[in-house]
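Residues per chain, in single letters:
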Amino acid sequence: MTPLLQSRPITTLGPEVQPGGPIFGPGPVAETFPAPLSPLEDDLWIPPLRTGLRRALALTGMVSRRQLRDSPVVVTVHGHVAADLDLLGLAPRRRSLWRRLDPRGPARRLGAAWRVGRLRAALPGLATDVLAIVDAHLAEVPGLDTLTPPELVRLLDRAGDELISLHGYEVLAGQLLDAGDDSPTGASAALRVLAEVRAAQPDAPDDELVARHPVLLALLPPAIEPQRALPPLPALLGPSRRAGGRAGDDGRVDPGVVREALRLRIRWLHELTARAFLAVRVVDLDRQQV
């Protein structure tokens, strides 16, 4: 009888065997989704991320249309989010002879360089406009307990559209704007605020602190949960990057400020959509009980 399974290791494959598929890894999405997502969170937040990345990459022209069409761009594995590192230029590969001889590569890079140069110059102003629009829309959102289920669903749709825009600008900022090692982070700003408010009000409930200081959401991964506790404040925070952004000597805003501002709005919209979904579920449960 011929065995169907082989228990011993396969030793006949030589070094010439190379992986041929795309390489996926957490890459830049790890900061947005540091914790595994539930299936529901995946359905709610990954499609806007995928669409935003796809649009941003198409805008730069740094990858071919076929590459973009054939790639899922973003996947989840047991809740962990991973991006196509080839598309993002984060997975160096050995080039084949055909790719070295193919003239389309340099031509595409030349066109992409021209587009990237224009995008890099315009991106800070465009991102600032997007941030102002998102902030205005967030300020207009009424109490979620005052909205009907159809209104909550419309809010979820609108938030999804804005997440697409923010994700696109955020990946462009990461690729095109040169932020230094000392650029500010939302987490460093949140830690500073957390230290200040806990020193002033050590017994204040966490949900109250988050409501008064939304920057604290940078310390919590997005999740659809009714209540979550802020992390304990370490006695020694150690050296951290500065919490606030300042204009340089030439008057330009620190590129790191732009990206962190976009990332923080993404986190706020994640929280809004999570709470909107919980509000819809509460209304449905109340109707079932009636």
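All values derive from a computational prediction rather than experimental measurement.

Undergrad: Could you clarify how one ought to interpret the overall build of the protein in this entry?
TA: Of the regular secondary structure elements, the protein holds eight helices and three strands. Reading the protein from its N terminus to its C terminus gives the helix and strand order β-α-α-β-β-α-α-α-α-α-α. By residue count, 37% of the 290 residues in the protein fall in the buried class. In the protein, the share of contacts with a sequence separation of at least 24, taken over all contacts with a separation of at least 6, comes to 78%.

Undergrad: Please clarify how the sheet that holds strand β3 (residues 80-84) should be interpreted in this entry.
TA: Here we have three strands laid out as an open sheet, ordered β1-β3-β2, and antiparallel in their pairing. Here the strands that pair on one side only, and so sit at the sheet edges, are β1 (24-25) and β2 (74-77). Pairing geometry for β2 and β3, over four bridges, is antiparallel. Residue pairing for β3: Val 75 is matched across the bridge by Ala 82. Sheet contacts for helix α1 (residues 39-60): β2 and β3; angle to β2, the most-contacted strand, approximately 150°.

Undergrad: Help me understand the packing of aromatic side chains in this model?
TA: Describing an aromatic ring pair means giving the distance of the ring centres and the angle of the ring planes. Summed over all chains, the structure comprises one aromatic pair. Between the aromatic rings of Phe 33 and Trp 45, the centroid separation amounts to 6.5 Å while the plane-to-plane angle is 25°, which identifies the pairing as stacked. Within this pair, whereas Phe 33 is found in the loop between β1 and α1, its partner Trp 45 is found in helix α1, the two being separated by 12 residues in sequence. For Trp 45, a relative accessible area of 0% translates into the label buried.

Undergrad: Can you walk me through the side chain of Glu 260 in this structure?
TA: Examined against the element boundaries, Glu 260 turns out to sit in helix α8 (residues 255-289). In this structure Glu 260 comes out as buried when scored by relative accessible area, which is 15%. Beyond its immediate sequence surroundings of up to four residues, Glu 260 is in contact with Pro 184, Thr 185 and Gly 186.

Undergrad: Explanation requested: the pairing of β3 in the structure shown.
TA: Walk down a regular strand and you will see the side chains alternate between the two sheet faces. A large share of β3 lies buried, amounting to four of its five residues. Between β2 and β3, which pair antiparallel one after the other, the connecting turn spans two residues, and His 78 there sits at a positive phi close to 50°.

Undergrad: How should I be thinking about unusual backbone geometry in this particular structure?
TA: It is generally the case that most residues other than glycine have a negative phi and that most peptide bonds are trans. You will see that Val 73, though not glycine, has its phi angle at about 70°, which is positive. Mapped onto the elements of the fold, Val 73 is located in the loop between α2 (65-70) and β2. Accessibility expressed as a relative area gives 3% for Val 73, which makes it buried. A positive phi angle, near 50°, is found at His 78, a position not held by glycine. Along the polypeptide, His 78 turns up in the loop between β2 and β3.

Undergrad: Sorry, what's going on with the pattern of salt bridges here?
TA: Once their charged atoms are close, side chains differing in charge can pair, the charge on each being opposite to the other. Inspection of every chain in the model, using the stated rule, returns 13 salt bridges. In this structure, Asp 135 and Arg 265 form a salt bridge, with 2.8 Å as the shortest nitrogen-oxygen distance. Separated by 130 residues along the polypeptide, Asp 135 in helix α4 (residues 104-140) and Arg 265 in helix α8 bring together distant segments of the chain. For the salt bridge of Arg 198 with Asp 206, the shortest nitrogen-to-oxygen distance reads 3.4 Å. Salt bridges sharing common partners tie together Glu 31, Glu 170, Arg 259, Glu 260 and Arg 263.

Undergrad: What's the story with α1 in this structure? I'm lost.
TA: The periodicity of an α-helix, 3.6 residues per turn, causes residues three or four positions apart to be oriented the same way. With 22 residues, α1 ought to run about 32 Å at 1.5 Å a step, and its terminal C-alpha atoms sit 31 Å apart, in line with that. Where α1 bends most, at Trp 45, the angle is about 35°, and the proline Pro 47 comes one to four residues later. Glu 41, Asp 42, Trp 45, Ile 46, Pro 48, Leu 49, Gly 52, Leu 53, Ala 56, Leu 57 and Thr 60 are the residues of α1 that are buried. Of the residues flanking the end of α1, it is Gly 61, one or two places downstream, whose phi is positive at about 75°.

Undergrad: How should I be thinking about the side chain of His 167 in this particular structure?
TA: Mapped onto the secondary structure, His 167 falls in helix α5 (residues 149-176). Setting aside chain neighbours within four positions, we find His 167 in contact with Thr 32, Pro 48, Leu 49, Gly 52, Ile 266 and His 270.

Undergrad: In this structure, what is going on with the environment of Arg 212? I would like to understand it.
TA: Here Arg 212 lies in helix α7 (residues 206-212). Accessibility expressed as a relative area gives 38% for Arg 212, which makes it partly exposed. One polar contact links Arg 212 to Gln 201, side chain to side chain, over a distance of 2.5 Å. Engagement of the side chain of Arg 212 in a polar contact is seen with the side chain of Glu 208, the distance being 2.7 Å.

Undergrad: How do you make sense of the environment of Pro 28 when you look at a structure like this?
TA: Mapped onto the elements, Pro 28 comes out in the loop between β1 and α1. C-alpha of Pro 28 to C-alpha of Leu 90: the two residues are 62 residues apart in sequence and 9.6 Å apart in space. Setting aside its immediate chain neighbours within four residues, Pro 28 contacts Leu 88, Leu 90 and Arg 259.

Thresholds applied
- Residues numbered from 1 in each chain as written.
- Predicted model: local features only at pLDDT ≥ 70, side-chain atom pairs only at ≥ 80, totals over all residues.
- Heavy atoms only, no water.
- Helix = DSSP H or I, 4+ residues; strand = E, 2+ residues; numbered from the N terminus.
- Buried < 20%, exposed > 50% of the residue type's maximum accessible area, 1.4 Å probe, protein only.
- Contact = heavy atoms within 4.5 Å.
- Pairing = 2+ DSSP bridges.
- Axes fitted to C-alpha atoms, helices over the stretch in contact; angles between N-to-C directions.
- Phe/Tyr/Trp six-rings, centres within 6.5 Å; stacked < 30°, edge-to-face > 60°.
- Salt bridge = Lys/Arg side-chain N within 4 Å of Asp/Glu carboxyl O.
- Expected span 1.5 Å × (residues − 1).
- Bend = angle between axes of the 7 residues up to and from the residue.
- Polar contact = N/O pair within 3.5 Å; in protein donor to acceptor, adjacent residues only side chain to side chain.

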